[in-house]
Amino acid sequence: MDVKCNEDWMGALPVCLSTMPLANLAIPGSHDSFSYWVDEKSPVGPDQATSIKRLAKISLVKKLMKKWSVTQNLTFKEQLESGIRYFDLRVSSKPDEAEIEIYFIHGLYGIKVWDGLTEINTFLTNHSTEVVLLDFNHFYAMEHEHHLYLVNMLQEVFGSKLCIADCVENITLQYLWEKKYQVLVFYHYNIWNECPFLWAGNKMPAPWANTTNVHKLIQFLETTLGERAKRGTFHVSQAILTPQVKTIMRGLKSGLKNTLVHRPDTVQCEPRCFFLKIATFPVFQGKP
């Protein structure tokens, strides 16, 4: 793949597409976008069951957890350069830390949210026609003060790049370029109604197939895309396979990538992202 040709793909779109509502465009995204690195030396995250936390006292267990927690092999910068514009973000505090800090999380803790956001912002500064959709959809061990901290962080990092929430149909690339907006933040916690640049989480529905069967996944994607709201929201098609407990037990040592991604019948949409999400579009209905 020629990565360079994907760095500015939004800016290269013809006028007929750049003036179309953003909710009608095919926007490639990634699943657990931050999980290209997780810290096996960190505590097990609050997104895990108590039984897993107990088992994780055995060092080998965390090594195995890492194999099942990493769902991407590209950094934010590399994903952006490859054309990814929708990011699935799950965050948590560390309950035992004295100071407030927020981390990305998927079983184990990842990098600090601040570091990930600044990496995204640097790319946007250098690519003024590109727009990202940040979907904060899972929060763990977070009180209201943690949310205030995270929202202030978003404002500090992105500043005037943050798009004020509006009618979905009003948002086109041309509109965003004129306003110099480059970031839409979808926030699945009720603080969104206190901040003009936060879009309600229900504006970005993401139905989940929860299956390891490729054919069932494709059928689910086609059905939910056909049922998506006609107006007023974006839509995420989650082209991902989800391991069940028996899947993990059978492939415990091989890990997620070798068990699901390298299967010959597995959906592989973006060669260097384990799992892909398509953020909205009725105009493209081929198999993901």
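Keep in mind that this is a model prediction, so the values were computed, not measured.

Asker: Can you walk me through the overall build of the chain in this structure?
Answerer: A count of helices and strands for the chain gives 10 helices and nine strands. Every one of the 288 residues in the chain was classed for burial, and the buried ones make up 51%. Total accessible area on the chain is roughly 13,500 Å²; 53% of this is exposed by carbon and sulfur atoms.

Asker: Explain the side chain of Ser 18 here, please?
Answerer: Mapped onto the fold, Ser 18 is located in helix α1 (residues 15–18). Discounting residues that sit within four places of it in the chain, Ser 18 has contacts with Thr 172, Leu 173, Gln 174 and Trp 177.

Asker: Got a minute to help me understand the pairing of strand β6 (residues 183–187) in this structure?
Answerer: The side chains of a regular strand alternate, first on one face of the sheet and then on the other. Counting buried positions along β6 gives five out of five residues, so the element sits mostly inside the fold. Covered by surrounding structure in β6 are Val 183, Val 185 and Tyr 187 together with Leu 184 and Phe 186, the residues of both alternating faces. Judged from the five bridges that link them, strand β5 (residues 132–140) and β6 form a sheet pairing that is parallel. Residue pairing in the sheet places Leu 133 in a bridge with Leu 184 of β6. Where β6 lies against strand β7 (residues 198–200), three bridges are found, and the strand directions are parallel. The residue bridging Val 185 from the neighbouring strand is Leu 198, located in β7.

Asker: I tried to follow unusual backbone geometry on my own but got confused; where do I start?
Answerer: Not every positive phi belongs to a glycine, and Lys 180 is a case in point at roughly 60 degrees. By secondary structure assignment, the location of Lys 180 is in the loop between α7 (173–179) and β6. Residue Lys 180 is classed as exposed on the basis of its relative accessible area, which comes to 65%. Of note in this structure, Asn 210 is not a glycine but carries a positive phi near 55 degrees.

Asker: Where do I start with the environment of Ser 33 in this structure?
Answerer: With respect to the helices and strands, the residue Ser 33 is situated in the loop between β1 (28–30) and α2 (50–55). Relative accessible area serves as the criterion here: at 0%, Ser 33 is assigned to the buried category. Ser 33 sits 38 residues away from Thr 71 along the chain, and the two C-alpha atoms are 7.7 Å apart. Dropping the residues within four chain positions of it, Ser 33 is found in contact with Gln 72, Phe 76, Gln 79, Tyr 86, Phe 87, Asp 88 and Leu 89. There is a polar contact of 2.8 Å between the side chain of Ser 33 and the side chain of Ser 30.

Asker: Is there a simple way to think about the pattern of salt bridges in this case?
Answerer: Pairing between side chains of opposite charge can happen when their charged atoms approach one another. The tally for this structure, following the rule as stated, stands at six salt bridges. Residue Glu 130 pairs with Arg 85 through a salt bridge whose shortest N-O separation is 3.0 Å. With Glu 130 in the loop between α5 (113–126) and β5 and Arg 85 in the loop between α4 (76–82) and β2 (86–92), this pair connects stretches of sequence that are 45 residues apart. The closest approach of N and O atoms between Glu 169 and Arg 231, which form a salt bridge, is 3.8 Å. Taken together, the positions of Glu 169 in the loop between α6 (144–158) and α7 and Arg 231 in the loop between α8 (214–227) and β8 (236–239) put the pair 62 residues apart, joining distant regions of the chain.

Conventions we followed
Residues numbered from 1 in each chain as written. Predicted model: local features only at pLDDT ≥ 70, side-chain atom pairs only at ≥ 80, totals over all residues. Heavy atoms only, no water. Helix = DSSP H or I, 4+ residues; strand = E, 2+ residues; numbered from the N terminus. Buried < 20%, exposed > 50% of the residue type's maximum accessible area, 1.4 Å probe, protein only. Areas by Shrake-Rupley, 256 points an atom, 1.4 Å probe, with all protein chains shown as cover. Contact = heavy atoms within 4.5 Å. Pairing = 2+ DSSP bridges. Polar contact = N/O pair within 3.5 Å; in protein donor to acceptor, adjacent residues only side chain to side chain. Salt bridge = Lys/Arg side-chain N within 4 Å of Asp/Glu carboxyl O.

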